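Residue strings, one per chain:
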Amino acid sequence: MIIGYVVVPYIAARDGFFLKWFHHLHPTKSGLPDHSLLCFAVVTSACCFLELETIIEALMTTRIIVQFCGQAVGLVYYRYTHPDTPRPFKSPLYPLPSIISFCGFGFVLITTSSWIGGDRVGLLEMSIIYLAIGGVVFHIWAKTKRNWPYQELASGEKYTANDGKVSRSMDVNSATAESL
């Protein structure tokens, strides 16, 4: 399984979305991204000194914040800002499923061990700090590479959002179609 995961940073680096150091293949082992494998081995070895329960809870806390709660909020936001986008399927009782999902995973999130709650391990705080650092690093990278949200369109306009309504210069569908 680790061999599958080491390919992700390699491909991202190859496409310019990650550190160039990860875009390296082993000279004699065909197709083996050795720098990425080395990094994963070091991180995995460091995690051996932690309790397995702590690692699993930390990974789940971060995933709940990013994937589950983020998707619920992102779906509502997207449908609100792009009301004319064709929808090939119906979602019964929309936005109730998103609200239920957000509340359910939000409950799991707030019951995660945290220093504020008096627990010995602050998984919630560590996950939020980890995600904040990732967001800062992403914005630094995006600004230097002039990628979204700092990218200029072919017309010279920039991506902007006004009063919760997305201006025509933030048409994500047309912008991504050109880049693909």
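This text goes with the structure placed above it.
Residues numbered from 1 in each chain as written. Predicted model: local features only at pLDDT ≥ 70, side-chain atom pairs only at ≥ 80, totals over all residues. Heavy atoms only, no water.

### Notes on the overall build of the chain
A count of helical and extended segments in the chain gives six helices and two strands. Expressed as a percentage of its 180 residues, the buried residues of the chain come to 20%. Contacts spanning at least 24 positions in sequence make up 39% of the contacts within the chain whose residues lie at least 6 apart. In the form shown here, the chain has an accessible surface area of approximately 13,200 Å², with 69% of it arising from carbon and sulfur atoms. (Helix = DSSP H or I, 4+ residues; strand = E, 2+ residues; numbered from the N terminus. Buried < 20%, exposed > 50% of the residue type's maximum accessible area, 1.4 Å probe, protein only. Contact = heavy atoms within 4.5 Å. Areas by Shrake-Rupley, 256 points an atom, 1.4 Å probe, with all protein chains shown as cover.)

### Points about the pattern of salt bridges
According to the stated counting rule, one finds two salt bridges in the structure shown. Residue Arg14 pairs with Asp15 through a salt bridge whose shortest N-O separation is 3.1 Å. For Arg14, a relative accessible area of 45% translates into the label partly exposed. In this structure, Glu51 and Arg120 form a salt bridge, with 3.4 Å as the shortest nitrogen-oxygen distance. Highlighted residues: Glu51 in the loop between helix 2 (34–47) and helix 3 (52–81) and Arg120 in the loop between helix 4 (96–110) and helix 5 (123–145), separated in sequence by 69 residues. With relative accessibility at 63%, the residue Arg120 sits in the exposed group. (Salt bridge = Lys/Arg side-chain N within 4 Å of Asp/Glu carboxyl O.)

### Focus on the side chain of Ser113
By the secondary structure assignment, Ser113 is in the loop between helix 4 and helix 5. A distance of 3.2 Å separates a polar side-chain atom of Ser113 from the backbone oxygen of Val121. With residues near it in sequence (within four places) discarded, Ser113 still touches Glu57, Asp119, Val121, Gly122, Leu123 and Leu124. (Polar contact = N/O pair within 3.5 Å; in protein donor to acceptor, adjacent residues only side chain to side chain.)

### Focus on helix 3
Here helix 3 contains 30 residues, and its C-alpha end-to-end distance of 42 Å stays within 8% of the 44 Å for a straight helix at 1.5 Å per residue. Where helix 3 bends most, the angle comes to about 40°, and this point is Gly70. Listed as buried for helix 3 are Thr54, Thr61, Thr62, Ile64, Cys69, Ala72 and Thr81. (Expected span 1.5 Å × (residues − 1). Bend = angle between axes of the 7 residues up to and from the residue.)

### Describing a nonpolar patch on the surface
Taken together, Phe18, Leu19, Trp21, Leu38 and Val42 make up a surface patch of nonpolar side chains, about 510 Å² in accessible area. Structurally, the position occupied by Val42 is in helix 2. Classification of Val42 by relative accessible area gives exposed; the value is 52%. (Patch = residues over 30% accessible without salt bridge, like charges linked within 9 Å, V, L, I, M, F, W, Y side chains within 5 Å.)

### Some details on the layout of surface pockets
Volume-wise, the largest pocket comes out at about 1,600 Å³. For the largest pocket, the lining is made up of 30 residues, of which Phe40, Val43, Leu59, Thr62 and Tyr130 are closest to its centre. If you list the elements that add at least two residues to the lining of the largest pocket, you get helix 1 (2–14), helix 2, helix 3 and helix 5. Ranked by residue count, the leading element in the lining of the largest pocket is helix 5, at nine residues. For the lining of the largest pocket, a count of residues per class yields 23 nonpolar, six polar and one charged. (1 Å grid on protein atoms, 1.4 Å probe; cavity = no way out; pocket = protein on both sides within 12 Å on 5 of 7 lines; lining within 4 Å. Points joined across faces, edges and corners; volume = space filled by probe spheres on them. Nonpolar A, V, L, I, M, F, W, Y, C, P; charged D, E, K, R; others polar.)

### Some thoughts on the packing of helix 3 against helix 5
For the pair helix 3 and helix 5, interaxial distance at closest approach is 9 Å and the crossing angle is 55°. Our classification of the angle between helix 3 and helix 5 gives oblique. Two packed elements cross with a definite hand, and for helix 3 against helix 5 that hand is right-handed. Facing helix 3, whose interface residues are Thr54, Glu57, Ala58, Thr61, Thr62, Ile65 and Val66, helix 5 presents Leu123, Leu124, Ser127, Ile128, Tyr130 and Leu131. (Axes fitted to C-alpha atoms, helices over the stretch in contact; angles between N-to-C directions. Parallel < 35°, antiparallel > 145°, perpendicular 65-115°, else oblique. Left-handed = near helix turned anticlockwise from the far one by under 90°.)

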